[in-house]
Structures are given as C-alpha cells and as structure tokens.
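# Descriptive analysis of the structure
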Amino acid sequence: MMEGAISNRIRMLRFHNGEMSQAELGQRIGLTRQTIAAIEAGKYSPTLEAAFRIAQVFNVPLGEVFQWEVRDGQ
Amino acid sequence: MPYREKFSWLSLAAMVVTYVPYFAIVFAGYFPVRPLPDLRQLSLFALVSIVRVLILGIGYLYLRLGSPQEARTPPDERDLAIKSHSMSSAYYVLISGMIYVGCFMPFTSAGWTIVNAALFMIVTAEVVREGVVVFCYRRQA
C-alpha cells in the first residue's frame, strides 16, 4: 500500500481571503471551529463533501486545498 | 474545548463521584448477603443514580448557559464520527460484560452479586464511551 499523508493549505487560503477566521469558515460549510482547527492541523481528514465545500468557499480546485504527499522511499 | 467534550468530561466526573463510591462499598463487602429484594442496596443504588442525574442536570444547564451558541450548534461530521467510534467501542465492552454476567455468573453467583456485576458492566461501557469521546477530541485538538 502507498504510504502518505494529506496536507492542506487552508491557513494560507484563509489569509488570502481577508484573514477569514476558522469560525467563519466553519459556519459557511457547517463545521465547528474546532473541526476546522483539527483539519488545518492535519489531525482530522474531512469527508470528500466537506473538502469540496472548503474548496468552494475559497473558489479554488480541490487540489489547491488538499494535497497527497507520498512518504520518502515510495 | 468543544462543547461535546466538556459534556463528556462532566459525565465522567459524575460517574466518578457516584458510581466509584457505590462499587467501592459493594465490592468491599459492606452489604451482607440478604434475600432479594435487598432494600438497603436498592436504596443506595437509587440514591447514587439520583445524585448522578442531578449532577448531570446542573452541569448541563451550566454548560448550556456558559456557551449557548455552541450548545445550539448541531453536531458536525467529526462529532458524529467520534460519537460512532465511541458507541462501537462501548458496545463491545457491554456485550462482553453481558455475556459474562448472563451466561457464566448464574452458575457461580446469585442475587445482588449478579445485579451489581451487570450494573458494573453497564457503567464500565458508559465510562469507555465517554472516555473514547474525550480521547478522540484530545487527540485531534
């Protein structure tokens, strides 16, 4: 099985969108501020639907928000 | 700290305050074996349960008034995933306990020993449920 980890650019995208707060982003996609914080920190992987919603808020493709990083040696 | 995690901490605290003393008294053999229904033991269990409900009720009101907006927010996908994980963990504990209490204990014990063992397994399953909730929220915090 391919080993890897999901990374994201939510923090940067929030910054580029008028320093949008985690609470505001969460409110717009129906998640709590704590869940956004967990996603941002890479401690929780959102559902595909939530991931698409996040991308829609920032008006960017999904791949610009989330990336799959293959671990070394793969 | 998420509202639902606070409520799990409250529930754990309420169980520690009520059921730990109850089971400590029971397992220490404070109650002599008497024929059913043993009203002294029944009264103690009723008292402990009432105290737990009161603690939960007061705590629930306190938490709700402390963060009314969070309390109104419906659980999101992470909350539901954590809830589902905690429920399945607790289910395995409960089913194992019930198999032991229902299928093995009747051959070796009787009366309040079986009742208390069943109550202990229910409380243990509840502790596991709330514990898994707290653990998951802490791990993802």
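That block above? That's the structure.
As a starting point, this report considers the structure included with it.

What counts, and at which threshold
Residue indices begin from 1 for each chain and proceed along its sequence in written order. To label them, take the chains in the order written and letter them from A, then take the ligands in the order written and number them from 1. Only residues with pLDDT of at least 70 get local features here, since the model is predicted, and only at 80 or more are side-chain atom pairs given and counted; chain-wide, interface and lining totals rely on the full set of residues. Here the side-chain values reflect all heavy atoms present in the structure, with hydrogen atoms and water set aside. Every helix listed is a DSSP run of H or I at least four residues long, and every strand listed is a run of E at least two residues long, numbered separately from the N terminus. In this analysis, two residues are considered to be in contact whenever any of their non-hydrogen atoms come within 4.5 Å of each other. Once two parts are joined, some of their accessible surface, as seen by a 1.4 Å probe, is lost; buried area is that loss totalled over both. Salt bridges are counted wherever a side-chain nitrogen of Lys or Arg sits within 4 Å of a carboxyl oxygen of Asp or Glu. We call two N or O atoms a polar contact when they sit within 3.5 Å, provided that within protein one can donate a hydrogen and the other can accept it, with sequence-adjacent residues counted only if both atoms are side-chain atoms. Amino acid classes used here: Ala, Val, Leu, Ile, Met, Phe, Trp, Tyr, Cys and Pro are nonpolar; Asp, Glu, Lys and Arg are charged; the rest, including Gly, are polar. Three exposure classes are used, based on accessible area relative to the maximum for each residue type with a 1.4 Å probe and protein chains only: buried under 20%, partly exposed in between, and exposed over 50%. Axis definition: a line fitted to C-alpha atoms, over the contacting stretch in the case of helices. Angles run 0 to 180 degrees between N-to-C directions. We call two directions roughly parallel when the angle between them is under 35 degrees, roughly antiparallel when it is over 145, roughly perpendicular when it lies between 65 and 115, and oblique otherwise. The hand of a helix crossing depends on one turn: near helix anticlockwise from the far one by less than a right angle means left-handed, and clockwise means right-handed.

### Points about the environment of B:R138
All names here are of chain B. Along the chain, R138 falls in helix 5 (residues 112–139). For the pair R138 and Y60, spaced 78 residues apart in sequence, the C-alpha separation works out to 21 Å. Dropping the residues within four chain positions of it, R138 is found in contact with M1 and E5.

### Quick look at the interface of chain B and chain A
Counting residues at the interface gives 12 residues for chain B, matched by 12 residues for chain A. Summing both partners gives a buried area of about 940 Å² for chain B against chain A, and 47% of it is carried by carbon and sulfur. Linking chain B with chain A are zero salt bridges, by the criterion used here. Run the count over chain B and chain A and you get five residue pairs in polar contact (both at pLDDT 80 or more). Going through the elements one at a time, helix 3 (68–72) and helix 4 (77–108) of chain B are the ones with two or more residues in the side of chain B that touches chain A. Looking at the side of chain B that touches chain A, the element that brings in the most residues is helix 4 of chain B, giving three residues. Its residues placed into classes, the side of chain B that touches chain A shows three nonpolar, three polar and six charged.

### Let's talk about the environment of B:A117
Along the chain, B:A117 turns up in helix 5. Separated by 24 residues in the primary sequence, B:A117 and B:V93 place their C-alpha atoms 13 Å from one another.

### Let's talk about unusual backbone geometry
All names here are of chain A. Of note in the backbone geometry, E19 takes a positive phi value of approximately 50 degrees without being a glycine. Overall, E19 belongs to the partly exposed group, its relative accessible area being 40%. Residue N59 is not a glycine yet carries a positive backbone phi of 60 degrees. When you line up the elements, N59 lands in the loop between helix 4 (48–58) and helix 5 (62–65).

### A short note on the packing of helix 1 (residues 3–27) of chain B against helix 2 (residues 39–66) of chain B
Residue and element names in this part refer to chain B. Running from N to C, helix 1 and helix 2 point in directions that differ by 160 degrees, and their axes come no closer than 10 Å. If you check the angle between helix 1 and helix 2, you find them roughly antiparallel. Here the hand of the crossing between helix 1 and helix 2 comes out right-handed.

Functional significance is not addressed by these values, which are geometric in nature.
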